[in-house]
2 protein chains.
Amino acid sequence: MAVTLADVAQAVGMSASTVSRALSGTEKVNEATRQRIHKVAREMGYEPNQVARSLTSGRSDILGLIVPDIANPFFPPIIKAVQSRAASRGKTVLIADVDEHPADEIKRARIMRKRVDGLIVVSPRTPTEQMSQLVDLQPIVFVNREVPGATSVLVDASEGIQEAVEHLASLGHTRIGYLNGPRRSWSNTQRRTAVHAACAQLGIELVELGPFEPQIQAGVRAADLVHSKDLTAVIAYDDLIALGLMARMTERGVKVGPDISVIGIDDSPMSGMAYPTLTSIHVPGARSGMTAVDLVLDLAENQGEPSEPQMVQLETRLIIRGSTAPARVR
Amino acid sequence: MAVTLADVAQAVGMSASTVSRALSGTEKVNEATRQRIHKVAREMGYEPNQVARSLTSGRSDILGLIVPDIANPFFPPIIKAVQSRAASRGKTVLIADVDEHPADEIKRARIMRKRVDGLIVVSPRTPTEQMSQLVDLQPIVFVNREVPGATSVLVDASEGIQEAVEHLASLGHTRIGYLNGPRRSWSNTQRRTAVHAACAQLGIELVELGPFEPQIQAGVRAADLVHSKDLTAVIAYDDLIALGLMARMTERGVKVGPDISVIGIDDSPMSGMAYPTLTSIHVPGARSGMTAVDLVLDLAENQGEPSEPQMVQLETRLIIRGSTAPARVR
DNA sequence: CTATGCAATGCAAGCGCTTGCGGCAACCTT
DNA sequence: AAGGTTGCCGCAAGCGCTTGCATTGCATAG
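Residues numbered from 1 in each chain as written. Chains lettered and ligands numbered in written order. Predicted model: local features only at pLDDT ≥ 70, side-chain atom pairs only at ≥ 80, totals over all residues. Heavy atoms only, no water.

**Brief notes about the packing of helix H2 (residues 16-24) of chain B against helix H3 (residues 31-44) of chain B**
All names here are of chain B.
So, point 1. With their axes 9 Å apart at the nearest point, H2 and H3 run at an angle of 90 degrees to one another. Looking at the two axes, H2 sits roughly perpendicular to H3. Note on element contacts: H3 touches H2 through Arg 34, Ile 37, His 38 and Ala 41, opposite Thr 18, Val 19, Arg 21, Ala 22 and Leu 23. (Axes fitted to C-alpha atoms, helices over the stretch in contact; angles between N-to-C directions. Helix = DSSP H or I, 4+ residues; strand = E, 2+ residues; numbered from the N terminus. Parallel < 35°, antiparallel > 145°, perpendicular 65-115°, else oblique. Contact = heavy atoms within 4.5 Å.)

**Some details on the protein's contact with DNA strand D**
So, point 1. Every one of the 23 residues lining DNA strand D counts as a neighbour, but A:Thr18, A:Arg21, A:Thr56, B:Leu5 and B:Tyr46 are closest to it.
So, point 2. Considering the 4 Å shell around the protein, atoms of DNA strand D inside it are sugar or phosphate in 61% of instances.
So, point 3. The side chain of A:Ser17 places a nitrogen or oxygen atom 2.9 Å from a base nitrogen of DNA strand D.
So, point 4. With respect to DNA strand D, the side chain of A:Thr18 contributes an N or O atom lying 2.2 Å from a phosphate oxygen.
So, point 5. Where the surface near DNA strand D is concerned, the elements lending two or more residues are helix H2 (16-24) and helix H4 (50-57) of chain A together with H2 and helix H4 (50-57) of chain B.
So, point 6. Considering each element in turn, the surface near DNA strand D owes the most residues, four residues, to H4(B).
So, point 7. Here the surface near DNA strand D is built from residues that sort into nine nonpolar, eleven polar and three charged. (Near = heavy atom within 4 Å. Polar contact = N/O pair within 3.5 Å; in protein donor to acceptor, adjacent residues only side chain to side chain. Nonpolar A, V, L, I, M, F, W, Y, C, P; charged D, E, K, R; others polar.)

**Considering the protein's contact with DNA strand C**
So, point 1. Among the 25 residues in the neighbourhood of DNA strand C, the closest are listed as A:Leu5, A:Ser20, A:Tyr46, B:Thr18 and B:Thr56.
So, point 2. Per the 4 Å cut-off to the protein, sugar and phosphate atoms form 61% of the nearby atoms of DNA strand C.
So, point 3. With respect to DNA strand C, the side chain of A:Arg21 contributes an N or O atom lying 3.3 Å from a base oxygen.
So, point 4. Put simply, the parts of the chain that give the surface near DNA strand C at least two residues each are H2 and H4 of chain A together with H2 and H4 of chain B.
So, point 5. Looking at side-chain class alone, the surface near DNA strand C contains eight nonpolar, twelve polar and five charged residues.

**Examining the interface of chain A and chain B**
So, point 1. In this complex, chain A contributes 32 residues to the contact, which on the side of chain B involves 32 residues.
So, point 2. Buried area between chain A and chain B, both sides added, is near 3,400 Å², and the carbon and sulfur share of it is 67%.
So, point 3. The largest contributions to the chain A side of the interface with chain B come from A:Lys114, A:Arg115 and A:Met273, which together make up 19% of the buried area.
So, point 4. At the surface where chain A touches chain B, the tally comes to four salt bridges. (Buried area = accessible area lost by both parts, 1.4 Å probe. Salt bridge = Lys/Arg side-chain N within 4 Å of Asp/Glu carboxyl O.)

**Some details on the relation of the copies chain A and chain B**
So, point 1. Once chain A has been moved 0.0 Å along the axis and rotated by 180 degrees, it coincides with chain B to within an RMSD of 0.1 Å. Interpreted geometrically, this transformation is the action of a two-fold axis.
So, point 2. A share of 100% of the interface residues of chain A reappears at the interface of chain B, consistent with the copies meeting face to face through the same patch. (Least-squares fit on C-alpha atoms with pLDDT ≥ 70 in both.)

**Let's talk about unusual backbone geometry**
So, point 1. Of note, the phi angle at A:Asp230 is positive, near 60 degrees, even though the residue is not glycine.
So, point 2. Examined against the element boundaries, A:Asp230 turns out to sit in the loop between helix H10 (216-228) and strand S8 (233-236).
So, point 3. In this model, B:Asp266 sits at a positive phi of 125 degrees, which is unusual for a non-glycine residue.
So, point 4. You can see B:Asp266 is positioned in strand S9 (residues 261-266).

**Description of the environment of A:Gln138**
All names here are of chain A.
So, point 1. Within the element layout of this structure, Gln 138 appears in the loop between helix H7 (128-132) and strand S4 (140-143).
So, point 2. Relative accessible area serves as the criterion here: at 28%, Gln 138 is assigned to the partly exposed category.
So, point 3. Each C-alpha atom of the pair Gln 138 and Ala 194 lies 31 Å from the other, and the pair is 56 residues apart in sequence. (Buried < 20%, exposed > 50% of the residue type's maximum accessible area, 1.4 Å probe, protein only.)

**What to know about the sheet that holds S9(B)**
Residue and element names in this part refer to chain B.
So, point 1. Pairing within the open sheet is mixed, and its six strands lie in the order S7-S6-S8-S9-S10-S12. Of all strands in the sheet, those bounded by a partner on one side alone are strand S7 (205-209) and strand S12 (317-319). Direction aside, neighbouring strands of the sheet carry axes that sit 25 degrees apart on average.
So, point 2. Relative to S9, strand S8 (residues 233-236) runs parallel, the two sharing three bridges. (Pairing = 2+ DSSP bridges.)

**Observations regarding the pattern of salt bridges**
So, point 1. Under the definition given, this model contains 30 salt bridges over all chains.
So, point 2. The salt bridge involving A:Arg89 is made with A:Asp298; its shortest N-O contact spans 3.8 Å. Of this pair, A:Arg89 sits in the loop between helix H5 (75-88) and strand S2 (92-97) while A:Asp298 sits in helix H12 (residues 285-301), and the two are 209 residues apart along the sequence.
So, point 3. What makes A:Arg89 partly exposed here is its relative accessible area of 33%.
So, point 4. For A:Asp298, a relative accessible area of 33% corresponds to the partly exposed category.
So, point 5. For B:Lys91, the salt bridge goes to B:Asp117, with nearest N and O atoms at 3.5 Å. Taken together, the residues B:Lys91 in the loop between helix H5 (75-88) and strand S2 (92-97) and B:Asp117 in the loop between helix H6 (102-113) and strand S3 (118-122) connect sequence positions 26 residues apart. For the residue pair B:Lys91 and B:Asp117, the accessibility class agrees, reading buried in each case.
So, point 6. When salt bridges with common partners are traced through the structure, they connect A:Arg85, A:Arg89, A:Asp294 and A:Asp298 into a single cluster.

**A closer look at the pairing of strand S10 (residues 279-282) of chain B**
Residues and elements named next belong to chain B.
So, point 1. The pairing of S9 with S10 spans four bridges and is classified as parallel. Within the sheet, the bridge partner assigned to Ile 263 lies in S10 and is Thr 279.
So, point 2. With three bridges connecting them, S10 and S12 associate as antiparallel partners. Directly across from Ser 280, in S12, lies its bridge partner Ile 319.

Shown next, in the form of structure tokens:
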């Protein structure tokens with residue numbers, strides 16, 4: 001059996017309460033006794049039982065993080081950022097991968113909520129109505145989507161997309177495609193709207209395709225569709241779709257760059273490694289993860305005072321690489 | 001406040017013990033009352049407080065999973081497999097990403113151990129002596145590394161590597177490079193040894209390079225080194241290194257395939273998407289994850305009876321894609 | 001009709017920790 | 001010198017749940 005608080009208390013000849021206070025450090029304890037307690041505790045190899053601790057204190061020092069798909073390279077950086085930020089604030093992170101399955105999301109969130117001090121939900125996908133069910137699971141913050149009445153950290157795709165369309169326009173493209181992400185996805189709606197706006201403003205013809213799942217395979221399928229539409233440039237909902245598309249194009253002997261320009265969104269680590277390298281709209285995943293941690297911990301600390309929901313906006317920008325080139329003259 | 005067991009008990013007019021038994025289902029309760037209790041509990045929206053439950057029962061229904069780096073595409077499939085297998089057995093998974101930092105691994109494991117029913121450690125990297133410290137954190141199972149006295153699921157690289165070297169030999173390569181992974185990594189040692197053995201057997205000259213971190217950037221650095229050694233074929237410690245190397249080679253105008261053959265290890269999802277597609281040794285990540293869950297749960301269930309450590313071996317095989325081709329005649 | 005067994009349920013003791021409240025010295029006040 | 005502070009610390013009451021044991025009622029056996 002592990003050594004308990006009581007064991008330490010007995011060894012030092014003090015009450016458990018004092019030992020508890022000495023170790024958790026919040027309350028006043030004589031400096032000398034504190035040191036003695038710490039020493040003995042260390043010698044005995046005492047480690048507080050977190051479960052018992054959270055039962056009484058109500059805190060667990062765990063943060064819940066819900067992501068749609070760990071395998072999507074866009075998420076690991078977010079996860080890492082959340083973990084390291086959380087760690088520096090003394091928290092651990094419980095990750096749930098909901099496998100792009102919205103229904104799970106709600107359920108998992110409810111279950112998780114009991115063991116964690118706060119929830120961070122990164123889910124561009126689940127419909128807003130369902131998300132709203134989660135708002136009362138305070139403290140909770142949403143990343144990359146807007147939920148009425150909840151604090152969230154948003155990524156504003158419009159700037160990057162504006163830049164992307166301008167980039168294509170300046171390369172002489174006059175007719176571009178947009179490969180939709182999942183139909184009911186909030187971020188797809190956002191991105192799609194931004195593409196529309198930018199095209200309208202620059203007088204570019206827009207062809208919509210999809211929806212596609214944010215997976216490489218979907219991009220592979222998209223490729224053939226794109227080819228049949230005779231487009232010279234496309235913007236994909238995310239890098240994965242773009243990457244799959246590029247792979248398939250290359251396989252079919254279509255040269256990405258010279259023959260067709262493709263732009264991804266997310267700027268995931270892979271985009272610099274593909275061939276050709278993928279021009280992509282950088283989404284500050286790590287920053288949004290860190291921000292989310294800060295927000296959720298703020299909420300957790302001020303549980304009582306009902307602060308009004310904050311909304312932090314982060315910006316995007318275009319990273320030009322090798323997958324975009326002047327439109328071929330026909 | 002959430003509804004507690006006592007609330008439900010009061011509503012049904014029974015004692016908390018009965019309600020507890022009715023809901024957890026393990027003990028005998030009259031069928032009629034059980035149904036009534038279930039009904040009321042559902043109506044009241046009762047959800048057991050997991051924290052309290054685990055304090056008394058000692059179980060948490062959480063499995064701990066320690067991985068070196070979520071961002072390495074080799075791991076997400078493992079994680080997903082572990083999660084889904086665990087879910088089907090009624091467990092949740094607590095993931096810790098130790099950022100390739102061995103020292104953390106030990107610490108994290110110890111801390112985690114208190115809140116989880118069992119530990120799965122996937123860490124090809126940490127030195128064996130340190131790993132051994134973890135053996136007493138039963139139930140624990142190690143993936144992809146052998147630790148004396150502990151149950152583990154091993155991936156036997158030798159077959160796949162043998163196939164790989166044979167493949168290269170048959171393509172006419174007579175001098176190949178091996179790009180070492182991290183120096184003290186168990187799996188690197190294993191792979192390296194296998195490469196040596198295969199080369200010796202087939203009379204192929206072997207040049208070792210590295211060590212390199214299992215990251216794309218390291219592969220990029222490796223590329224220039226490889227180039228200067230005038231090799232016609234290399235086997236990399238993992239896909240990431242291989243991918244980085246290919247990207248850099250391509251950038252320098254060296255044609256991967258015709259000019260230099262490269263083989264990765266892991267067969268991560270990216271390998272089919274690179275250009276050219278990467279010939280790689282398939283490592284059954286998902287299977288090993290599932291197996292690990294089964295093993296650790298078995299251990300957990302038979303905590304008392306000291307069963308002797310099992311060792312499950314999984315096999316690897318070569319997946320030939322576009323990055324390998326006949327040696328250029330010079 | 002009383003003894004016995006069994007199924008169904010209640011009692012109560014924790015699990016290991018936190019925390020409000022109060023005790024009690026030792027120290028200040030005026 | 002008596003009342004008031006202050007700083008440390010102990011008491012004890014839980015947190016919500018599980019579980020060994022006792023209790024009850026009733027059917028069955030003797």
